[in-house]
Amino acid sequence: MDAVSNSDQIVVRSSWRALVAAIATISAVGVAIGLGIPLLSVILESRGHSATMIGLNAAVAGIASIVAAPFAAPIAARFGVVPTLLCMLLIGALSFVGFHFFTHFWMWVVLRIFLHFALTMLFILSEYWINTAAPPEKRGLVLGVYATVLSLGFALGPWLFSVIGSVGIRPFAVGFGIIIFAMLPVLLAWKESPDFHEEEHVPFAPFIWAVPTATAAVFVFGAVETGGFALFPVFGARIGYSEANAALLLTTIGLGNVLLQIPIGLLSDHVDDRRKILLACTLIGLAGMCVLPFIYTNWYLVAGLLFLWGGVVAGLYTVGLAHLGSQLTGRELASANAAFVFCYAVGMLVGPQAVGIGMDLMGPAGFAVALAVFFGAYALLVGSRLISRRG
């Protein structure tokens, strides 16, 4: 009996060690993205590049994510999860610090491809490891911790940027150090690395249209999140905010994400149709962008608005994924999840370009107008699906 108990304790310790490793990796991803997106945009702006070109550079992240997703399973199956994670952490760290040493615009495009290829691989394999290591009876708790840590990472990145600024090698060295530090828990949990077996291939493309309110929700979220984060420092500079104050506003968006996801998720569990919550999130997102141009002179009002706006808009991802799971099961759900990630990556590609073009055409007001267009189009889609009672 004691032997069985000791064996169970060892398994539990191993499981939690693996979870710490996976969550540490994903937290590094969050901090790197949260620090890197505004940092690179501010530097490009200081070098005189247009908002459209800044958006183009940021949109490369979406291309890299689309390319990386199909390679995650084959590479992990061939080399193992932990070796792949360590390799991607190293590539990500070197790419991050490389932005300081290679200053040509098109070199930044190349570095961004490497960086976001690595970050996407880290994201996919960390989630796989978390799901594998999580005790079934505590999976909800574990995934809640995972989501919170990732959101905290996104919030911590802009805060770090507001503290250390964009001058010199220091911000790049900090990002490099954070990513390298994430290697330590991964190395400590090497023996708990899961075996990776590719499932029978099921094409995911048809599932983009199977539950359009879910896949369109994550497309809009990807576009708004990436476009907003990438161009907000430029928007802030053009309306008179200091670099630090603009970065702190991005942090308030991340904090809203951290604090509001659980309440939104719980609320979605108690409505008869999650699309009603998706529509509410969309309308609040639209209203926020309609209000922003009229209050931007008051930093504190903008901070309060973006806190609420950031948390509610992030509900598009959370509730969209829950709605997808309520409509499909088994192998269909696995393929639909791949379609879900793909649509998020496409949103990452489209969002920065749309916002950048909007700002070049209409000035600072184009920031809010471009984001409002995404929300308005999605609200029409969800509303029409609710009226017709289709998925």
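What you see is a predicted model; the values in this text were computed from it and never measured.

Criteria and cut-off values
Residues numbered from 1 in each chain as written. Predicted model: local features only at pLDDT ≥ 70, side-chain atom pairs only at ≥ 80, totals over all residues. Heavy atoms only, no water. Helix = DSSP H or I, 4+ residues; strand = E, 2+ residues; numbered from the N terminus. Contact = heavy atoms within 4.5 Å. Areas by Shrake-Rupley, 256 points an atom, 1.4 Å probe, with all protein chains shown as cover. Buried < 20%, exposed > 50% of the residue type's maximum accessible area, 1.4 Å probe, protein only. Salt bridge = Lys/Arg side-chain N within 4 Å of Asp/Glu carboxyl O. 1 Å grid on protein atoms, 1.4 Å probe; cavity = no way out; pocket = protein on both sides within 12 Å on 5 of 7 lines; lining within 4 Å. Points joined across faces, edges and corners; volume = space filled by probe spheres on them. Nonpolar A, V, L, I, M, F, W, Y, C, P; charged D, E, K, R; others polar. Expected span 1.5 Å × (residues − 1). Arc of directions from axis to C-beta. Bend = angle between axes of the 7 residues up to and from the residue. Core = buried A, V, L, I, M, F, W, Y, C linked by side-chain atoms within 4.5 Å. Domains from an automatic or database assignment. Axes fitted to C-alpha atoms, helices over the stretch in contact; angles between N-to-C directions. Parallel < 35°, antiparallel > 145°, perpendicular 65-115°, else oblique. Left-handed = near helix turned anticlockwise from the far one by under 90°. Phe/Tyr/Trp six-rings, centres within 6.5 Å; stacked < 30°, edge-to-face > 60°. Patch = residues over 30% accessible without salt bridge, like charges linked within 9 Å, V, L, I, M, F, W, Y side chains within 5 Å.

A. The overall build of the protein, seen in detail. A count of helices and strands for the protein gives 13 helices and zero strands. Reading the helices (α) and strands (β) of the protein from amino to carboxyl end gives α-α-α-α-α-α-α-α-α-α-α-α-α. A sequence separation of at least 24 residues applies to 85% of the contacts in the protein between residues at least 6 apart. Split by element, the accessible area of the protein, about 17,000 Å² in all, is 71% carbon and sulfur.

B. Layout of the side chain of Asn257. Tracing the chain through its elements places Asn257 in helix H9 (residues 243–268). On the accessibility criterion, Asn257 (14% relative accessible area) is buried. Asn257 has contacts with Ser151, Gly310, Gly311 and Ala314, leaving out every residue within four places of it along the chain.

C. Molecular detail of the pattern of salt bridges. Scanning the entire structure with this criterion turns up three salt bridges. In this structure, Asp272 engages Lys276 in a salt bridge whose closest nitrogen and oxygen atoms are separated by 3.0 Å. The salt bridge involving Asp273 is made with Arg275; its shortest N-O contact spans 2.7 Å. For Asp273, a relative accessible area of 16% translates into the label buried. The class for Arg275 is buried, based on a relative accessible area of 6%.

D. Empty space enclosed by the protein, seen in detail. All chains considered together, the criterion is met by two cavities of 30 Å³ or more. Glu225, Phe229, Ile253, Trp309 and Gly310 are, among the 18 residues lining the largest cavity, the residues nearest its centre. Looking at the lining of the largest cavity, the elements that each hand over two or more residues are helix H8 (212–238), H9, helix H11 (299–327) and helix H13 (365–388). Taken together, the residues of the lining of the largest cavity sort by class into 13 nonpolar, four polar and one charged. By volume, the second largest cavity amounts to about 30 Å³.

E. Representation of helix H6 (residues 170–181). Here H6 is 12 residues long and its end C-alpha atoms lie 16 Å apart, about the 16 Å a rise of 1.5 Å per residue gives. Among all positions of H6, only Pro171, Phe172, Gly175 and Ile179 are buried. Considered in projection along H6, the buried side chains sweep an arc of 100 degrees and stay on one side of the axis.

F. Region of interest: the layout of surface pockets. Put simply, the second largest pocket is a space of about 170 Å³. Residue assignment for the lining of the second largest pocket shows that the elements contributing at least two residues are H8 and helix H12 (330–362). Element by element, the count of residues in the lining of the second largest pocket is highest for H8, at four residues. Of the residues that constitute the lining of the second largest pocket, the class distribution is nine nonpolar, one polar and no charged.

G. Here's a closer look at helix H2 (residues 51–79). Spanning 29 residues, H2 covers 40 Å between terminal C-alpha atoms, matching the ideal 42 Å at 1.5 Å per step. Within H2, the axis deviates most sharply at Phe71, by approximately 40 degrees, and proline Pro74 lies no more than four positions further along. Immediately downstream of H2, the backbone of Gly80 shows phi near 100 degrees, a positive value.

H. Representation of the nonpolar core in the model. Trp129, Leu231, Trp309, Leu316 and Phe367 are the most contacted members of the largest nonpolar core, which has 124 residues in total. If one sorts the elements of this core by residue count, helix H1 (residues 2–46) sits on top with 18 residues. Residue contributions to this core reach at least three from each of two domains, namely domain 1 (14–195) and domain 2 (205–390).

I. Quick look at the packing of helix H10 (residues 275–295) against H13. Contact geometry of H10 with H13 gives a least axis separation of 9 Å together with a crossing angle of 155 degrees. As the angle between them shows, H10 and H13 are arranged roughly antiparallel. For H10 against H13, the interelement crossing comes out left-handed. For the pair H10 and H13, contact is made by Arg275, Lys276, Leu278, Leu279, Thr282, Leu283, Gly285, Leu286, Met289, Leu292 and Pro293 and by Phe367, Ala368, Leu371, Ala372, Phe375, Gly376, Tyr378, Ala379, Val382, Arg385 and Leu386, respectively. Residue classes in the contact of H10 with H13 are distributed as 16 nonpolar, three polar and three charged.

J. Structural context of the side chain of Thr84. Here Thr84 lies in helix H3 (residues 81–101). Among the residues examined, Thr84 registers a relative accessible area of 3% and is labelled buried. Leave out the neighbours within four places in its chain, and Thr84 touches Ile75, Ala76, Phe79, Met121 and Leu125.

K. Region of the structure containing the packing of aromatic side chains. Tallying each qualifying case throughout the model produces 12 aromatic pairs. Centre to centre, the rings of Phe105 and Trp106 are 5.0 Å apart; their planes meet at 90 degrees, and the pair counts as edge-to-face. Looking at Phe105, the relative accessible area reads 7%, which means it is buried. Grouping aromatic residues by their ring pairs yields a cluster made of Phe221, Tyr317 and Tyr344.

L. Quick look at the environment of Ala287. Mapped onto the secondary structure, Ala287 falls in helix H10. For the pair Ala287 and Trp309, spaced 22 residues apart in sequence, the C-alpha separation works out to 9.0 Å.

M. Summary view of a nonpolar patch on the surface. A cluster of nonpolar residues, Phe101, Phe102, Met107, Val110, Phe114 and Ile169, forms a patch on the protein surface that exposes about 560 Å² of accessible area. At three residues, helix H4 (residues 105–133) tops the list of elements feeding residues into the nonpolar patch. When you line up the elements, Phe101 lands in helix H3.

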